[in-house]
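# Structure at a glance
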Amino acid sequence: MKVRGIKKSNLGWIIAFFGFFALLLLIMLLADLGRLPLPLFQQEPFDKVGHFFLYGIASFLSHRAINRRMMAIFNYPIPLGPFIFSLFTAFEEMLQATLPNRSASFLDFAASMAGIIVFYWVGEIWDRKRQK
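Residues numbered from 1 in each chain as written. Predicted model: local features only at pLDDT ≥ 70, side-chain atom pairs only at ≥ 80, totals over all residues. Heavy atoms only, no water.

### Re the pairing of strand 4 (residues 76-79)
In this structure, strand 3 (residues 70-73) lies alongside strand 4, joined through four bridges in antiparallel fashion. Across the sheet, the residue bridging to Ile 73 is Tyr 76, located in strand 4. (Pairing = 2+ DSSP bridges. Helix = DSSP H or I, 4+ residues; strand = E, 2+ residues; numbered from the N terminus.)

Quick look at the structure:
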């Protein structure tokens, strides 16, 4: 069953994605303003853990929200949701270099990318087990 072009079975993933994305944007805004209420997550290595989980969960939810769509780059299938979040995290790290309360970090970027990849694979394994 579809609701205005959206499969009803996919609606929960879409709502979860947009809710989590709003939370992610709020966290980013607070961090950019230097007002993150949890100073622990501004310290090493906890900021990397935050990057890993926040971007990983966003990747997982986005992949399901768009019904696990794939795209091809040089005939190699790439999951669209995780790809979009890979671009998003690259942009976000570049933006941090221009903000007074933030600093760009290759390690933050690597932690975000690791989360995106790991959560994608966890989701794929989870989907395979559910199909059995």
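### What to know about the packing of helix 2 (residues 46-65) against helix 3 (residues 80-96)
For any two helices packed against each other, one specifies the crossing angle of their axes together with the interaxial distance. Packing of helix 2 against helix 3 brings their axes to within 8 Å, and their N-to-C directions diverge by 145 degrees. Every pair of crossing elements has a handedness; the one defined by helix 2 and helix 3 is right-handed. On helix 3, the residues touching His 51, Tyr 55, Ala 58, Ser 59, Ser 62 and His 63 of helix 2 are Gly 81, Pro 82, Phe 85, Phe 88, Thr 89, Glu 92, Glu 93 and Gln 96. Here the residues of the contact of helix 2 with helix 3 are counted per class, giving five nonpolar, seven polar and two charged. (Axes fitted to C-alpha atoms, helices over the stretch in contact; angles between N-to-C directions. Left-handed = near helix turned anticlockwise from the far one by under 90°. Contact = heavy atoms within 4.5 Å. Nonpolar A, V, L, I, M, F, W, Y, C, P; charged D, E, K, R; others polar.)

### Things to note about the side chain of Ser 112
Following the sequence through the fold, Ser 112 ends up in helix 4 (residues 106-131). Assessed through its relative accessible area of 0%, Ser 112 is described here as buried. Every residue in contact with Ser 112, bar those within four places of it in the chain, is listed here: His 51, Phe 52, Tyr 55 and Thr 89. (Buried < 20%, exposed > 50% of the residue type's maximum accessible area, 1.4 Å probe, protein only.)

### Observations regarding the pattern of salt bridges
Applying the stated rule across the entire model yields five salt bridges. In this structure, Arg 68 engages Glu 124 in a salt bridge whose closest nitrogen and oxygen atoms are separated by 3.2 Å. With a gap of 56 residues between them, Arg 68 in the loop between helix 2 and strand 3 and Glu 124 in helix 4 connect regions that are remote in the sequence. For Arg 68, a relative accessible area of 32% corresponds to the partly exposed category. Classification of Glu 124 by relative accessible area gives buried; the value is 9%. Each member of the salt-bridge network shares a partner with another, and the members are Arg 64, Arg 68, Glu 124 and Asp 127. (Salt bridge = Lys/Arg side-chain N within 4 Å of Asp/Glu carboxyl O.)

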